[in-house]
Amino acid sequence: HSYLFILAMGMLLCILTGGNIDLSVGSIVAFVGAISATFIIKSGMNVWLSIFLLLIIGTLIGMWHGFWIAYMEIPAFIVTLAGMLIFRGLTLVILQGRTIGPFPTSFQSLSSGFIPDISSATSKHLLTILAGILFSIAYIVLEILTNQRKKKRGYTLPSTISIILKLVIGITVINAFTLTVASYRGISLIMIILIILIAIYTVITSKTKFGRHIYAMGGNMKATALSGIDTKRVMFFVYANMGLLSAFAGIVIAGRLNAATPKAGQSFELDAIASCFIGGASTTGGVGTVFGTIIGALIMGVLNNGMSIMGISVDWQQTIKGMVLLFAVAFDFYTKRRSGR
């Protein structure tokens with residue numbers, strides 16, 4: 001469910017601006033898949049050139065939505081609902097109701113390829129084990145630096161036992177995960193890409209001026225505009241970004257399925273929205289983190305896989321996911337009332 005992490009990060013930025021959502025992401029996923037089949041399978045275009053063009057097309061779609069939402073001031077719900085219908089329809093036109101495949105191995109490798117090991121001496125993926133050790137060291141260093149900064153600023157630090165216990169649990173989780181991955185085929189290429197994306201969007205939301213503007217818009221749109229921030233420009237780029245990530249998710253799904261299909265991306269927008277709310281994003285905007293969204297996406301992924309393994313029908317899966325989303329939003333409203341907001 002790598003597509004879910006990709007879409008959820010983009011959806012988080014939309015929600016942070018003031019509870020806005022993008023209903024078109026599933027249709028864009030299918031549309032990009034259809035165009036990828038046209039470029040690569042039908043026309044024989046170079047794979048990497050095709051991927052570059054597909055990302056540009058996704059960004060342009062996002063910019064199209066952003067123009068109507070930001071500058072024409074049409075509600076995001078209406079614009080993206082129209083986009084959902086338009087791009088689902090165009091997908092059916094391009095594919096003519098047929099599934100087209102297979103894709104070349106180089107295209108599939110983006111979503112299902114693995115990083116080669118540095119040695120074949122052991123049955124486990126040695127590079128993955130080394131990566132786990134390096135992540136453990138980085139985690140320890142990061143925790144030490146964080147505590148030192150807190151101490152300099154006068155914050156009360158947890159007890160030494162609590163700090164050590166946190167480090168032990170963190171290192172155990174990291175190495176348990178890497179050992180599990182190493183027992184299979186090692187680190188997948190999409191996992192590396194996801195880690196990079198998570199790092200980028202964490203920095204954007206927590207360390208950049210653009211990220212602060214997004215949070216400010218969710219807190220109070222009118223006050224943000226009066227303070228001199230170009231809220232229309234921020235909204236435009238948020239939806240352009242959503243289009244870019246939707247295109248990337250479309251490439252990943254097409255590569256994973258090894259085909260372009262008219263039904264690709266169905267209900268993806270609902271899974272992405274649910275991931276954000278389950279991960280702690282507020283329905284009114286201004287509250288939410290990338291880390292929380294990733295946790296929400298993990299919960300949704302486990303829920304989807306678990307229900308499939310248990311043999312629960314698609315009808316009941318939709319019902320259960322709908323109830324989970326409702327309870328997540330209800331909990332957000334309940335906590336707001338308790339805090340008096």
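Just so we're clear, the structure is a prediction, and the values are computed from it rather than from any experiment.

Calculation criteria
All chains use their own residue numbering, which begins from 1 and follows the written sequence. Only residues with pLDDT of at least 70 are given local features in this predicted model, and only at 80 or more are side-chain atom pairs given and counted; all residues enter the totals for whole chains, interfaces and linings. Note that water and hydrogens are dropped before the side-chain values are worked out from all heavy atoms of the structure. Numbering goes from the N terminus for both helices and strands, where a helix is a DSSP run of H or I of at least four residues and a strand is a run of E of at least two. When we talk radius of gyration, it's over C-alpha atoms, and the globule rule is simply 2.2 Å times the number of residues to the 0.38. Under this scheme, a helix contributes an axis fitted over its contacting stretch, all axes are lines through C-alpha atoms, and angles between N-to-C directions fall in the 0 to 180 degree range. The cut-offs work like this: below 35 degrees is roughly parallel, past 145 is roughly antiparallel, 65 to 115 is roughly perpendicular, and the gaps in between are oblique. Less than a right angle of anticlockwise turn of the near helix away from the far helix marks a crossing as left-handed, whereas a clockwise turn marks it as right-handed. Any pair of residues with heavy atoms lying within 4.5 Å of one another is described as a contacting pair. Basically, the charged four are Asp, Glu, Lys and Arg, the nonpolar ten are Ala, Val, Leu, Ile, Met, Phe, Trp, Tyr, Cys and Pro, and anything else, Gly included, counts as polar. Put simply, buried Ala, Val, Leu, Ile, Met, Phe, Trp, Tyr and Cys residues joined by side-chain atoms within 4.5 Å make one nonpolar core. Whether a residue is buried, partly exposed or exposed follows from its accessible area with a 1.4 Å probe, protein chains only, as a fraction of its type maximum: under 20%, in between, or over 50%, in that order. As defined here, a cavity is a set of points on a 1 Å grid over the protein atoms alone where a 1.4 Å probe fits but cannot get out. A pocket is an open set with protein on both sides within 12 Å along at least five of seven lines, and residues line them when an atom is within 4 Å of a point. Grid points are joined across faces, edges and corners, and a volume is the space filled by probe spheres set on the points. For a helix, the expected span equals 1.5 Å multiplied by the number of residues minus one. Working note: the arc is built from the helix axis to C-beta atom directions.

Chemist: Summarise the overall build of the protein; cite the residues concerned and give the values.
Modeler: Per the secondary structure count, the protein includes 14 helices and zero strands. Starting at the N terminus and walking to the C terminus, you meet the elements of the protein as α-α-α-α-α-α-α-α-α-α-α-α-α-α. Relative to the compact-globule value of 20 Å for 341 residues, the protein shows a C-alpha radius of gyration of 21 Å, a close match. With the C-alpha coordinates of the protein rotated into their principal frame, the extents come out at 65 × 65 × 40 Å.

Chemist: Run through the packing of helix 6 (residues 126–152) against helix 7 (residues 160–182), naming residues and quoting values.
Modeler: In helix packing, the relevant descriptors are the interaxial angle and the interaxial distance, both defined with respect to the helix axes. As a packed pair, helix 6 and helix 7 sit with axes 9 Å apart at the nearest point and diverge in direction by 160 degrees. By the angle between their directions, the pair helix 6 and helix 7 is classed as roughly antiparallel. Both helix 6 and helix 7 take part in a crossing whose hand is right-handed. The segment helix 6 lies against helix 7, with Thr128, Ile129, Gly132, Ile133, Phe135, Ser136, Tyr139, Ile140, Glu143 and Asn147 engaging Ile163, Lys166, Leu167, Gly170, Ile171, Ile174, Asn175, Thr178, Leu179, Val181 and Ala182. Per-class residue counts for the contact of helix 6 with helix 7 are twelve nonpolar, seven polar and two charged.

Chemist: I'd like a description of the nonpolar core, backed by residues and values.
Modeler: Ile6, Leu7, Met11, Phe107 and Phe248 are the most contacted members of the largest nonpolar core, which totals 76 residues. Broken down by element, this core gets its largest block of residues, 14 residues, from helix 11 (residues 231–257). Once residues within four sequence positions are removed from consideration, Leu7 is found in contact with Val25, Val29, Met242, Leu245, Ser246, Ala249, Phe268 and Ala272.

Chemist: Tell me about empty space enclosed by the protein, residues and numbers included.
Modeler: All told, the structure shown has one cavity of 30 Å³ or more when counted by the stated rule. Its volume calculated, the largest cavity comes out at about 40 Å³. If you go around the largest cavity, the residues you meet are Val29, Ala30, Gly33, Gly250, Ile253, Ala254, Leu257, Ala259, Ala260, Thr261 and Ala264. Every element with two or more residues in the lining of the largest cavity is listed here: helix 2 (25–42) and helix 11. Broken down by element, the lining of the largest cavity gets its largest block of residues, four residues, from helix 11. Residue classes in the lining of the largest cavity are distributed as eight nonpolar, three polar and no charged.

Chemist: Could you give me a rundown of helix 4 (residues 76–95), with the residues and numbers involved?
Modeler: Each α-helix turn comprises 3.6 residues. Residues three or four places apart therefore point the same way. Counted at 1.5 Å a residue, the expected span for helix 4 with its 20 residues is 28 Å, and the 28 Å between its end C-alpha atoms agrees. Within the sequence span of helix 4, burial applies to Ala76, Val79, Thr80, Gly83, Phe87, Arg88, Thr91 and Leu95. The buried residues of helix 4 all sit within an arc of 160 degrees when viewed along its axis, so they share a single face. Exposed residues on helix 4 whose side chains face more than 90 degrees from its buried face are Leu85 and Val93. Where helix 4 is buried, its residues meet helix 2, helix 3 (47–71) and helix 11.

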